[in-house]
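Now for the letters of each chain:
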Amino acid sequence: MIRPGRDDSPDRLYTLTGGRSRSDAHDFDLVTLVVSESEATLGMQSEHAAILRMCRLPTAVVEIAADLRLPVSIVKIMLSDLLDMGRITARHPRAVPSRAELPDLPLLEQVLVGLRNL
Amino acid sequence: MDSAISDPAVRTPLVRTADNGLKIVVVGGFGVGKTTLVRSVSDIRPLSTEETMTQASRGIDDLGGISSKTSTTVAFDFGRISLNERTVLYLFGAPGQERFWFLWDRLFAGTLGAVVLVDTRRLADSWYAIDRLEHHGTPFIVARNDFGGPKYTAEEVRDALDLDPRVPLIDCDARSRTSSKHVLITLVEHLRALASARETAS
Ligand SMILES: Nc1nc2c(ncn2[C@@H]2O[C@H](COP(=O)(O)OP(=O)(O)O)[C@@H](O)[C@H]2O)c(=O)[nH]1
Ligand SMILES: [Mg+2]
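Just so it is clear, the structure is predicted and the values come from calculations on it, not from any experiment. (Residues numbered from 1 in each chain as written. Chains lettered and ligands numbered in written order. Predicted model: local features only at pLDDT ≥ 70, side-chain atom pairs only at ≥ 80, totals over all residues. Heavy atoms only, no water.)

The next thing to look at is the sheet that holds strand β1 (residues 33-36) of chain A. Residues and elements named next belong to chain A. Read across the open sheet, the 3 strands follow the order β2-β1-β3; overall the sheet is antiparallel. Edge positions in the sheet fall to β2 (59-60) and β3 (88-91), since each has one partner strand and no second. In this sheet, β3 lies alongside β1 in antiparallel orientation, the contact comprising 4 bridges. Counted as the bridge partner of L33 is R91 from β3. (Pairing = 2+ DSSP bridges. Helix = DSSP H or I, 4+ residues; strand = E, 2+ residues; numbered from the N terminus.)

Structure, rendered in structure tokens:
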């Protein structure tokens, strides 16, 4: 079994992120849907290229992390970089604005309809 | 193991119009049926991933310190259900162990609600999860997965869990799609009841 992250040397994680932490990486939620705005190019960091290929259709941050076998926080930093370069767009969740707040009724009705149709 | 990686090339992608991801978390002890429940209702085979955080810098990314400080790693798995052309519900199966809760805010802030999955042979395993969910103000229901142990009444289970009478308690079989779907519907109906009570009150 391959465990994301755990088998990676800190060096590899360091290279992927340039050793930086980015506070705006927190804007990405586990379920933020990422969409590529350009094709991968030659000479691009291979993880960046993989993300662009993966996100031709909307793909959640957590799915990207699972596919790249990297910890979510590392993926968020790479996504922040790609966002800065204008290579992706991010569709953030609109559900619950903050802790301990309930989503609005129309959204919950929508979820119920979807679940009952399963 | 349940961590089979589904091939992204084969996995059903989301539709182009998908733009709103929602979260529901299934919490429970090891072997209680979390992955089974997720698999029963998910559009994709469950995937697994991890989040890592350094102990010394909880809540702050400090990747520079990753090699020198002890880091906490939590693995979790997930599936998804496309509810309509815009909305996609992600279901997370997450362990209820102590270190997991350090990462709760980072991973599961904004979650719609939670399902606490319990095995009546090991009810004490869920005490901590229930306590933490109450602490975080996350609405939840309790689903009792039937592993064929001794039969307890709902009242006995409620007593053992010291469960608030307003929290729904239901029986389920995580292996069944219909039953797992019923669990999710029960949670969302509970959320709707809470939300409408709040709207009436305000
Ligand atoms: N009898 C019974 N077995 C179940 C049920 N749900 C799951 N299992 C089995 O329990 C085992 C552990 O389930 P799993 O989903 O991997 O648990 P997890 O560790 O919580 O993800 C698996 O072999 C399942 O087939 C249930 O409702 N009834
Ligand atoms: Mg599991």
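The next thing to look at is the packing of aromatic side chains. Any pair of aromatic rings gets described here by the distance separating the centres and the angle formed by the planes. All names here are of chain B. Per the stated rule, a full pass over the model turns up 10 aromatic pairs over all chains. Here the aromatic rings of F78 and Y90 are separated by 6.4 Å at their centres, their planes lie at 45°, and the arrangement is tilted. With a gap of 12 residues between them, F78 in strand β3 (residues 71-82) and Y90 in strand β4 (residues 87-95) connect regions that are remote in the sequence. Given the relative accessible area of 0%, F78 is considered buried. An aromatic cluster of at least three residues, connected via ring pairs, comprises F76, F78, Y90, F92, F100, W101, W104 and F108. (Phe/Tyr/Trp six-rings, centres within 6.5 Å; stacked < 30°, edge-to-face > 60°. Buried < 20%, exposed > 50% of the residue type's maximum accessible area, 1.4 Å probe, protein only.)

For the rest of this paragraph, the subject is the site of ligand 1. Residues and elements named next belong to chain B. Surrounding ligand 1, one finds 15 residues, the nearest of these being G31, K34, T35, T36 and N145. Contacts to ligand 1 include D173, whose side-chain N or O atom sits 3.1 Å from an oxygen atom. Examining the composition of the shell around ligand 1, we find that 3 residues originate from one element, helix α1 (residues 34-41), more than from any other. When its residues are assigned to classes, the shell around ligand 1 shows 4 nonpolar, 6 polar and 5 charged. (Near = heavy atom within 4 Å. Polar contact = N/O pair within 3.5 Å; in protein donor to acceptor, adjacent residues only side chain to side chain. Nonpolar A, V, L, I, M, F, W, Y, C, P; charged D, E, K, R; others polar.)

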